[in-house]
There are 2 protein chains.
Amino acid sequence: MSLKIALAQLNFAVADIAANTAKIITAAEQAKQQQANVVVFPELCVTGYPPEDLLLREDFLQQAQQAVDDIRHNIHGIAVVTGYPQAHGKWRYNAATVLLDGQVLAEYHKNALPNYGVFDEHRYFNVGHQTSLFEVKGYKLALTICEDIWTGDIIAKNRKAGADIILSLNASPFHAGKMRERENIICSQIKEAAIPLVYVNQIGGQDELVFDGASFVADRNGKIAFRAAEFEEQLSVVEFFEKQPQACSIAPLYQPVISEYKALVLGIKDYVRKNGFHGVILGLSGGIDSALVLALAADALGSNQVEAVLMPSRYTQDMSNEDAKLEAEALGVKYHIIPIEPAVTAFGAMLEPIFAGSSEDTTEENIQARCRGILLMALSNKQGRLLLTTGNKSEMSVGYSTLYGDMAGGFAPLKDVSKLMVYKLAEYRNTLSPVIPERVITRPPSAELAPGQKDEDSLPPYAVLDPILALYIEQDKSAAEIVAMGYPVAAVKRAISLVDRNEYKRRQSPPGIRITPRAFGRDRRYPISSAYRGAANLVEE
Amino acid sequence: MSLKIALAQLNFAVADIAANTAKIITAAEQAKQQQANVVVFPELCVTGYPPEDLLLREDFLQQAQQAVDDIRHNIHGIAVVTGYPQAHGKWRYNAATVLLDGQVLAEYHKNALPNYGVFDEHRYFNVGHQTSLFEVKGYKLALTICEDIWTGDIIAKNRKAGADIILSLNASPFHAGKMRERENIICSQIKEAAIPLVYVNQIGGQDELVFDGASFVADRNGKIAFRAAEFEEQLSVVEFFEKQPQACSIAPLYQPVISEYKALVLGIKDYVRKNGFHGVILGLSGGIDSALVLALAADALGSNQVEAVLMPSRYTQDMSNEDAKLEAEALGVKYHIIPIEPAVTAFGAMLEPIFAGSSEDTTEENIQARCRGILLMALSNKQGRLLLTTGNKSEMSVGYSTLYGDMAGGFAPLKDVSKLMVYKLAEYRNTLSPVIPERVITRPPSAELAPGQKDEDSLPPYAVLDPILALYIEQDKSAAEIVAMGYPVAAVKRAISLVDRNEYKRRQSPPGIRITPRAFGRDRRYPISSAYRGAANLVEE
């Protein structure tokens, strides 16, 4: 007996219930036209994911229920498997519902609620305790939602209950290597239970998160029979015969640097689109970070939606201006040049009576960065463009950035991208077309806020700094453990003490796109008032 | 038989494990000198509360366990009941432990883990399932932690297990009216189970939270036998005789406005102290918000730790400058005057080539606010003073504030204080000594960023706006429900649409002190990219 299941890997918008509902109905119609018997949508697709504290609003939950009723009445002849937040009196569930010919064929409440990393599902939902199966054309289909299948327990329960195929609705956010991790873990569970699985994930950017899709079907041996493309909307139909999926198209998984680049492009595109901005603006310094953000923004939005500003000071080298111009010209992006000297001079004179007698320090460097922040925000305000801030994760970690200065902006594409990764992404982008001058990649990085300044004057070299930061921030390794891995004590001490002291800056930073297993934001919740000093007990030899 | 129990209502610092340990040992010694048999400390006092994601670090958990061992070996002759995060292999518990004469007499793992509001305890801890009793001088004492006793279940279980007294370790954050709510709910549980209770809460500020203490002892009839003062460290001994507490001192609960004022003062004091700042700085506009923050800061830190800056523009009225000076002089606070005109003019000229032909809008208003932000941050950077930002909750709600302008600063004391509450607090402060000129309280509020500007030109009057905001933000009421309560449709529509649209500003705002049941911050987690428009379906008549 044959069964056709459609996987609806689509991009939903948080709280845009009307648009999401229309999208579900349209996709279900298309699936039906392709002779699918069942169409599976991602987790909570009716509301978009994650709706966060909107889930605490009664009116929001009622709108979601109304939308599910609308879908139920508007689609016939195909079983529609969709996800939404369900209210039962005082109880709240992360639910999957199966709609067929105006009826609710089955309902399921997510059993495994993640409450770690970026997830807060115990904040919103009650735990479901039941499995749920429904039958179509003689096939018994089991409902599961995301986290449920990361351990074997629920798969085994469903197998025992007689399931022929596991359906899995997901909103599984991207980080580098996640697709492989997902398939490996889930397919090993599937193989163990000897049952095929249909995995549907959404795509799209939502604030800090990007969802990568890569929906797939695995057979009862845990072998991939179908895979959808990453980062693209796709409606695909997979046929089952004798309870096994028929092998069809398997989109390749991208190399890490490519998937990261695509995640950043989609993250920018969706943040701009979903928030209704008229394009973006950014400051171009001639450095590698802003060069990469410019390329990402142009790739995400088109060059005509991007505007750049060069804001040289007395410390800006000629080659920085030249390179910045070359970058904008290579991508066909319009740019302005506004030297910041008049504003810096004005502030110097205004503060002179109070600062007289004190020597120059980071105060004066910050004033320069903040004058640039004012100019960029003025252009952003006047034109309705989103200001992209260009700082990377290494800087954000150690506080090598100015609050309200270069940190000013609505969105920070590189917030979770280490400096070493910035170079890799820039090199990858240049293989598509040469848009970042070679000199920008090879010259030593500098903030150009003081004469002859270089990043490495006050920070360990990035080749040393970045792995230390990843171990400390993403893996919670202690200073002693990091030193035991062979990193120099002085560099470990310097890096960790800067991370510890700069939580206050990160708290006021704009959201950025998560591409590692732990980003700054919802993912990492540290106190500002904290006496924790990770490197306090390290002794320099 | 008599039993003496000491309540250690103290101020602990997050992650300052060495200092917290020393404080616990000292207080236990003092309790012993007062003939106490048992001393009870607050929840997680060894690490301070809440340590947030530090709880995910192995080295941090090891330090906490080491501290408990140190306490165990350093105190003899009194049972020490203390709280700390406990690791058992892969399991993590919010634990209470009883230490006596070098031994662990009893251990308890919190049963009820709050995961709502500001709490994320399922992120960090496993659920405990056991009760735990220990015996001292013939009394059976039961251990509970905070949330445990907000429902009657665990109290009943302990009663059934033969407990004579419930001990409750707490880190229960303040909001207006919380002390009464706490006592009412808990005492009704106690009365039902007919068992006395010893409730110990910490005091102190920790980022967004203030803990108010108000520790108490209730007898088996649910009657208060002892209460510690709010917002003060206090070590008190209560004697039990025939299993009932002997009535002793009962500190009165403050009127709401007084407790709120004290919460704000303690919140400022601890944020400055725990983060090692050399005092604070703030901009004085002549308006009510900055006048109140000035008084709070002076009361928290002493006038010599506070510095003010007047930054008039072409739109600043003379009376604003006069009043600002009077405020600083009344409190003996040093102030500077820096007119912002030179910087505003410089930016105008720099942007003229690009802005030529466009009319003035909020862009130009924002430039003024941001020039002030630069000046204040420059003084903050140069002097190592914390910049206090002075915006209130009403402004923060509707986005009536400038990112990187008046929102610049490390801490926002009024972030959770509505405009109407600002007036009440100012009036209360003036009853202690006249520090805020009457005119500042009576004149219509204005941002003074454009000629003749008044808040009410673009916002509903605060008497209408503030209750709408509280219903929408703190109580999740829908627009329709708020209108049904009698608020004007136009005002509801305006207020809600502004709240919905300004999440991006709040995301970059500094932390502030929570005094309502729902503050902006960890307490309210809304997406920025969101199509939710709470007032979309309201029809104006």
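Note that the structure is predicted; figures quoted are calculated from it, not measured.

Rules and cut-offs
- Residues numbered from 1 in each chain as written.
- Chains lettered and ligands numbered in written order.
- Predicted model: local features only at pLDDT ≥ 70, side-chain atom pairs only at ≥ 80, totals over all residues.
- Heavy atoms only, no water.
- Helix = DSSP H or I, 4+ residues; strand = E, 2+ residues; numbered from the N terminus.
- Rg over C-alpha atoms; globule rule 2.2 N^0.38 Å.
- Buried < 20%, exposed > 50% of the residue type's maximum accessible area, 1.4 Å probe, protein only.
- Areas by Shrake-Rupley, 256 points an atom, 1.4 Å probe, with all protein chains shown as cover.
- Lys, Arg positive; Asp, Glu negative; His and termini not counted.
- Charge placed at Lys NZ, Arg CZ, Asp CG, Glu CD.
- Domains from an automatic or database assignment.
- Contact = heavy atoms within 4.5 Å.
- Buried area = accessible area lost by both parts, 1.4 Å probe.
- Salt bridge = Lys/Arg side-chain N within 4 Å of Asp/Glu carboxyl O.
- Polar contact = N/O pair within 3.5 Å; in protein donor to acceptor, adjacent residues only side chain to side chain.
- Pairing = 2+ DSSP bridges.
- Axes fitted to C-alpha atoms, helices over the stretch in contact; angles between N-to-C directions.
- Nonpolar A, V, L, I, M, F, W, Y, C, P; charged D, E, K, R; others polar.
- Least-squares fit on C-alpha atoms with pLDDT ≥ 70 in both.
- Disulfide = S-S within 2.5 Å.
- pLDDT = per-residue confidence, 0-100.
- Phe/Tyr/Trp six-rings, centres within 6.5 Å; stacked < 30°, edge-to-face > 60°.
- Lys NZ or Arg CZ within 6 Å of the ring centre and 35° of its normal.

1. Some remarks on the overall build of chain A
In step 1: If you tally the helices and strands in chain A, you get 18 helices and 19 strands.
In step 2: Expected size for 541 residues packed as a compact globule is a radius of gyration near 24 Å; at 26 Å, chain A falls within 12% of this value.
In step 3: Its C-alpha atoms give chain A principal-axis dimensions of roughly 85 × 55 × 45 Å.
In step 4: Every one of the 541 residues in chain A was classed for burial, and the buried ones make up 65%.
In step 5: Approximately 18700 Å² of chain A is accessible, and the part contributed by carbon and sulfur atoms is 51%.
In step 6: With 54 positive and 64 negative side-chain charges, chain A shows a separation of 4 Å between the mean positions of the two kinds.

2. Notes on the domain arrangement of chain A
Note on interface size: it is often stated as the accessible area lost on association of the parts.
All names here are of chain A.
In step 1: Each assigned domain of chain A is listed here: domain 1 (2–253) and domain 2 (259–455).
In step 2: Distance between the C-alpha centres of domain 1 and domain 2: 40 Å.
In step 3: With 15 residues of domain 1 at the interface, the matching set in domain 2 holds eleven residues.
In step 4: Taken together, both faces of the contact between domain 1 and domain 2 bury some 910 Å²; the carbon and sulfur share is 63%.
In step 5: Considering only the surface of domain 1 that becomes buried against domain 2, Gly 205, Asp 207 and Phe 231 emerge as the three largest contributors, covering 43% of it.
In step 6: Viewed at the interface, domain 2 and domain 1 are joined by zero salt bridges.
In step 7: Counting across the interface, domain 1 meets domain 2 through five residue pairs in polar contact (both at pLDDT 80 or more).
In step 8: Those elements that provide at least two residues to the side of domain 1 that touches domain 2 are strand E10 (203–206) and strand E11 (209–212).
In step 9: In terms of residues, the side of domain 1 that touches domain 2 owes the most to one element, E10, which gives four residues.

3. Some points on the sheet that holds strand E4 (residues 91–100) of chain A
Residues and elements named next belong to chain A.
In step 1: Strand order across the open sheet formed by seven strands is E5-E4-E3-E2-E1-E14-E15, with mixed pairing between neighbours. Strand pairing shows two members of the sheet lacking a second neighbour, strand E5 (103–109) and strand E15 (244–245), which therefore form its edges.
In step 2: By the bridge criterion, three bridges tie strand E1 (residues 2–9) to strand E2 (residues 38–40) in an arrangement that is parallel. When the bridges of E2 are listed, Leu 7 appears paired with Val 40.
In step 3: Its contacts with the sheet put helix H2 (residues 58–74) on strand E3 (79–88), E4 and E5, and the angle it makes with E3 is roughly 155 degrees.

4. Details of the side chain of Arg 518 of chain B
In step 1: Here Arg 518 of chain B shows up in the segment after helix H18 (503–507).
In step 2: Judged by its relative accessible area of 13%, Arg 518 of chain B is buried.
In step 3: A distance of 2.9 Å separates a polar atom in the side chain of Arg 518 of chain B from a polar atom in the side chain of Asp 476 of chain B.
In step 4: Setting aside chain neighbours within four positions, we find Arg 518 of chain B in contact with Leu 56 of chain A together with Lys 393, Asp 416, Ile 473, Glu 474, Asp 476, Asp 523 and Arg 524 of chain B.

5. Regarding the interface of chain A and chain B
In step 1: Taken residue by residue, the interface counts 79 residues in chain A and 79 residues in chain B.
In step 2: Taken over both partners, the interface formed by chain A and chain B buries close to 7000 Å², and the fraction arising from carbon and sulfur atoms is 57%.
In step 3: Broken down residue by residue, the surface that chain A buries against chain B is led by Arg 57, Lys 382 and Arg 525 of chain A, which jointly contribute 11%.
In step 4: Our enumeration of links across chain A and chain B arrives at ten salt bridges.
In step 5: A salt bridge links Asp 120 of chain B to Arg 525 of chain A; the shortest N-O distance between them is 3.3 Å.
In step 6: The tally of links from chain A across to chain B stands at 45 residue pairs in polar contact (both at pLDDT 80 or more).
In step 7: Looking at the side of chain A that touches chain B, the elements that each hand over two or more residues are H2, helix H3 (121–124), helix H6 (256–274), helix H9 (341–355) and helix H10 (362–383) of chain A.
In step 8: Among the elements that make up the side of chain A that touches chain B, the one with the highest residue count is H10 of chain A (13 residues).
In step 9: Of the residues that constitute the side of chain A that touches chain B, the class distribution is 38 nonpolar, 19 polar and 22 charged.

6. Focus on the relation of the copies chain A and chain B
In step 1: It takes a turn of 180 degrees to lay chain A on chain B, together with a shift of 0.0 Å along the axis; the resulting RMSD is 0.0 Å. The transformation relating the two chain copies, once decomposed into turn and shift, fits a two-fold axis. Looking at the rotation axis and the C-alpha trace of chain A, the residue lying nearest is Gln 508 of chain A, at 2.2 Å.
In step 2: A shared binding surface is used by both copies, with 100% of the interface residues of chain A retained as interface residues in chain B.

7. A look at the state of the cysteines
All names here are of chain B.
In step 1: Applying the stated criterion across every chain, the model contains zero disulfides over all chains.
In step 2: In this model Cys 187 remains outside any disulfide bridge; the closest cysteine sulfur is found in Cys 248, 14 Å from its own.
In step 3: Overall, Cys 187 belongs to the buried group, its relative accessible area being 8%.

8. A short note on the environment of Gly 152 of chain A
In step 1: Position of Gly 152 of chain A relative to the elements: it lies in the loop between strand E7 (139–145) and helix H4 (153–160).
In step 2: For Gly 152 of chain A and Glu 192 of chain A, which are 40 residues apart along the polypeptide, the C-alpha to C-alpha distance reads 8.3 Å.

9. Here's the deal with unusual backbone geometry
Residue and element names in this part refer to chain A.
In step 1: A cis amide bond links Tyr 49 with the next residue in sequence, Pro 50, at an omega value of -5 degrees.
In step 2: Note that Pro 50 resides in the loop between E2 and H2.
In step 3: In this structure, Leu 44 takes a positive phi of about 45 degrees despite not being glycine.
In step 4: Here Tyr 404, not a glycine, exhibits a phi torsion of approximately 65 degrees, which is positive.
In step 5: Summarising the element assignment, Tyr 404 is placed in the loop between helix H11 (393–398) and helix H12 (419–432).
In step 6: The class for Tyr 404 is buried, based on a relative accessible area of 7%.

10. A closer look at the pattern of salt bridges
It is possible for side chains bearing opposite charge to pair when their charged atoms get close.
In step 1: For the structure on display, the rule yields 66 salt bridges over all chains.
In step 2: Here Lys 382 of chain B makes a salt bridge to Glu 364 of chain A, at a shortest N to O gap of 2.9 Å. Pair noted here: Lys 382 of chain B is in helix H10 (residues 362–383) and Glu 364 of chain A is in helix H10, and the two residues belong to different chains.
In step 3: We note a salt bridge from Lys 23 of chain B to Glu 233 of chain B, for which the minimum N-O separation is 2.8 Å. Of this pair, Lys 23 of chain B sits in helix H1 (residues 17–33) while Glu 233 of chain B sits in the loop between strand E13 (224–227) and strand E14 (234–241), and the two are 210 residues apart along the sequence.
In step 4: A relative accessible area of 40% means that Glu 233 of chain B is categorised as partly exposed.
In step 5: One continuous salt-bridge network, built from bridges that share partners, spans Asp 207 of chain A together with Glu 503, Arg 506, Arg 507 and Arg 524 of chain B.

11. Considerations on the environment of Asp 164 of chain B
Residues and elements named next belong to chain B.
In step 1: Tracing the sequence through the fold places Asp 164 in the loop between helix H4 (153–160) and strand E8 (165–170).
In step 2: Using a relative accessible area of 12% as the deciding quantity, one classes Asp 164 as buried.
In step 3: Sequence separation between Asp 164 and Pro 245 is 81 residues, and the spatial gap between their C-alpha atoms is 11 Å.
In step 4: The residues touching Asp 164, leaving out its near neighbours within four places in the chain, are Gly 138, Tyr 139, Lys 140, Ile 195, Pro 196 and Lys 243.
In step 5: Reaching out from Asp 164, the side chain makes a polar contact with the side chain of Lys 243 at a distance of 3.0 Å.

12. A closer look at the confidence of the model for chain A
In step 1: Mean pLDDT over chain A stands at 96; residues scoring 70 or higher make up 100%.
In step 2: Scored as a complex, the prediction yields pTM 0.97 and ipTM 0.96.

13. Some words on the packing of aromatic side chains
In step 1: Under the counting rule described, the total for this entry stands at 18 aromatic pairs over all chains.
In step 2: Centroid distance Tyr 199 of chain A to Phe 216 of chain A: 4.8 Å. Interplanar angle 15 degrees. Geometry classified as stacked. Residue Tyr 199 of chain A is found in strand E9 (residues 197–201), and its partner Phe 216 of chain A is found in strand E12 (residues 216–218); the two are separated by 17 residues along the sequence.
In step 3: Between Lys 382 of chain B and the ring centre of Phe 355 of chain A, over which it is positioned, the NZ or CZ distance is 5.0 Å.

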